[in-house]
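Architecture and fold: a report
Below, each chain spelled out in residue letters.
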Amino acid sequence: MSAEKWVCEYCTYANYPSAIKCTMCKGQKPLLSEDIFRLNPSPPPAAALIESSALSLSNSNLTSAAGGPSTEARCKWLCAMCTYQNWPRAQRCTQCHTRRDADVQNMQEQLKALSIRRSDPDLMASNRSSPFGSATNLAGSRANLAAARVSPSEGRQAQALAPKWLCVSCTFENWPKSLKCSMCGRGKEPASTPTEHAAQATLAPPQTPPGGLPASPERDLSAEENCVATNVVNSGKRGQARCLEAANNCDAHQERRLRQLRRQADWNWLNACMGVVENNIGAVETYLACGGNPGRSLTINEVTLLNRNSAFDVGHTLIHLAIRFHREEMLPMLLAQISGSGPGIKRVPSYVAPDLAADIRRHFAAFLRIRKGAFNCHYVNEHATFALPADIEELPLAIQEQLFDELLDRDAQKQLENPPPALNWSLEITARLGSRLMVLWNRSAGDCLLDSAMQATWGVFDRDNVLRRALADSLHQCGHLFYPRWKEYEMIQASLLHFTLAEAQWEEDWNSLLSLASQPGSSLEQLHIFALAHILRRPIIVYGVKYVKSFRGEDIGYARFEGLYLPFLWEQSFCIRSPISLGYTRGHFSALVPTEPYSRIDGARDDAEDVTFLPLMDCEMKLLPIHFLTEAEMGREEAIMRQWLDVCMTEGGLMVAQQRLHKRPLLVAQMLEEWLNHYRRIAQVISAPFARRPQLTGYLSDGDTDEE
């Protein structure tokens, strides 16, 4: 701190020398080295105050021969309620807003009885006899005024006029209840009675120094001025020292408070907050695994412990911090735990290993090509089929249940399996052939179709909208081939419902579909699934509910998504015959994936090819519809299925398609291994001696996206 700065007596803030008031608390600058009486051109404080009191209470208009500001200041009137000196033109007290003329007559009579006049020899003698001169008499005058004003009906006014006691060390006026001086800290002296004051005046008359001039009231007042000024300077130094001591005591108290807060803090929660800021997803997962609430808010004590005001604010949650610091990998995981589809925390592989998931999306984008020629549609150059690893069966049953709760969409699975079932309705396929399909949890947004397609192939979400851009570009560039087949198929469907559309209406519907494809977050239709089959170069089978239900559970419309989507505009040799399967329910798409057979764990069978059987019939033994057939292809559904798929018949007479599971790509295998290690660590903690399983709190998760 600079030596030229002055320290505020109230808040210890160091101010610049030119500041008259404290910059922090607006307190007055202490007069440490100034002559306080020289700064005021009016007469000495006590005499001026008594004179102005008499003048104001008698309501007389005095005029000074010299005039100027000193004359106007000398004519100030004293408030009868709080003794505040007001300017002559003020009609009400600036301090307590009491009217100027209130009880003036009573005060005049009281002053006459007290005989408070400047020419009173007894008053002057009392001034000379008191060691503090006019200041002591001024306090006594205020006490007399307050005593004269007190009456049973005016208790509150009497309390306001209670006399303050004057500190004998620094002359600071303190409130009656104060036991120590608020300025210098000296203890309160026992109050002296008027008799004692008179005795002091008798025993200690004013002495005339040898060879000096006789004492006079004016000389006594000048001596009093010097005495008061000296006391003010000394008290200022003592006050500064006490302020520094108070600051040290405050620092010690703050340190004790911080130690207490550290002992009581929830460090899992604080580490999770720091993990969001420092991009440490492990700290966030640790907090959530211990049953932490993702909606918990920071308190003022926790912000103090974190000690980073630029990063943390009171009321912030983990979601606020993830949005503020652009933690796009953490945000979906946090949002998934607050509200969603099905109970429990949603922890899919791409959330546990976000870096590997980003590498997979970049790898997929790098292998996206555009076919040269008349049909310049986007297509993938490398195929993959996602399946749940067989290593899940090695985990304890309790951990397996937790894994499925955090991975699957239980509500969608239940709805697809409820009567009339659209999924896993054949025991021959699910039990005997081991081809039970699981519904993966998916983000609930307009991109759910593209996310489910990416999950069914590479096990990640289309967070970079790579697949959506390819879909929009393909429909725009190849509209001359997609539009005729789409229009013909829609006309056939319209004729079954006995209505037709004009050409302008067809074009308007087509433009609407193109617009939906290019807008991220917008819902997609059947045409987009058909185009997606061409981009992936493989068939897509959709198992879905047959009717759209209202919020009351009533059927309000027919769902037309279930069926088979084939890449008719490609050559059959350019496509693969292994399909992927998606589920449709409540306006939402989900990826349907199988589980690898347990024999896949054997290292000798890593290169072996496993097969999953997907039914091409519904529970009523009817073939699934094939979408976007032309009129010439109608009636040849079974033959067309055999052309584009590896079809076989089960012993029970079910027609099924073979989905072939090859060796997983390296990045996908690494992501699944890291995801499994998370649950293996939990299993080790549970099986350790004297270990307790962490209590997990169930949250709802409807899969909001990062933007939501």
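Residues numbered from 1 in each chain as written. Predicted model: local features only at pLDDT ≥ 70, side-chain atom pairs only at ≥ 80, totals over all residues. Heavy atoms only, no water.

**Topic: the nonpolar core**
Core analysis: the biggest nonpolar cluster contains 141 residues, and F312, L318, L388, L403, I540 and W675 have the highest contact counts within it. Apart from the residues lying within four places of it in its own chain, the contact partners of L318 are W269, A272, C273, V276, V284, Y287, P294, R296 and L334. (Core = buried A, V, L, I, M, F, W, Y, C linked by side-chain atoms within 4.5 Å. Buried < 20%, exposed > 50% of the residue type's maximum accessible area, 1.4 Å probe, protein only. Contact = heavy atoms within 4.5 Å.)

**A short note on the pattern of salt bridges**
Evaluation of the coordinates by the stated rule reveals 26 salt bridges. With a closest N to O distance of 2.9 Å, R432 and E651 form a salt bridge. In this pair, R432 sits in helix α19 (residues 427-432) while E651 sits in the loop between β18 (647-649) and β19 (655-661), placing the two residues 219 residues apart along the sequence. Taking relative accessible area as the criterion, E651 reaches 67% and is therefore assigned exposed. With its nearest N and O atoms 3.0 Å apart, the salt bridge here joins R443 to D451. In this structure, R443 and D451 share a single accessibility class: buried. (Salt bridge = Lys/Arg side-chain N within 4 Å of Asp/Glu carboxyl O. Helix = DSSP H or I, 4+ residues; strand = E, 2+ residues; numbered from the N terminus.)

**A few points about the pairing of strand β11 (residues 540-544)**
Of all five residues in β11, five are buried; the element is thus mostly enclosed. Burial along β11 is two-sided: the face carrying I540, V542 and G544 and the face carrying I541 and Y543 are both buried. Of the strand pairs in this sheet, β11 and strand β14 (residues 563-565) are connected by three bridges, and their pairing is antiparallel. Following the sheet pairing, I541 is matched in β14 by L564. Of the strand pairs in this sheet, β11 and strand β15 (residues 580-585) are connected by five bridges, and their pairing is parallel. Bridged to V542 within β15 is L582. (Pairing = 2+ DSSP bridges.)

**A look at the sheet that holds strand β17 (residues 610-615)**
Ordered in space as β17-β19-β18, the three strands form an open sheet in which the pairing is antiparallel. The open sheet terminates on both sides in strands that have one partner only, identified here as β17 and β18. Adjacent strand axes in the sheet meet at a mean angle of 45 degrees when their direction is disregarded. Bridge analysis of β18 against β19 gives three bridges, and the strand direction is antiparallel. Bridging across to β19, M649 finds its partner in M655. (Axes fitted to C-alpha atoms, helices over the stretch in contact; angles between N-to-C directions.)

**Here's the deal with the sheet that holds β11**
Spatially, five strands are ordered β10-β16-β15-β11-β14 in an open sheet, and the strand pairing comes out mixed. On the outer flanks of this sheet lie β10 (438-439) and β14, each paired with one strand and no other. One ladder, built from five bridges, connects β15 with strand β16 (residues 588-593); its direction is antiparallel. Counterpart to L582 in the pairing with β16 is A591. Lying over the sheet, helix α20 (residues 448-458) contacts β15 and β16, oriented at roughly 5 degrees with respect to β16.

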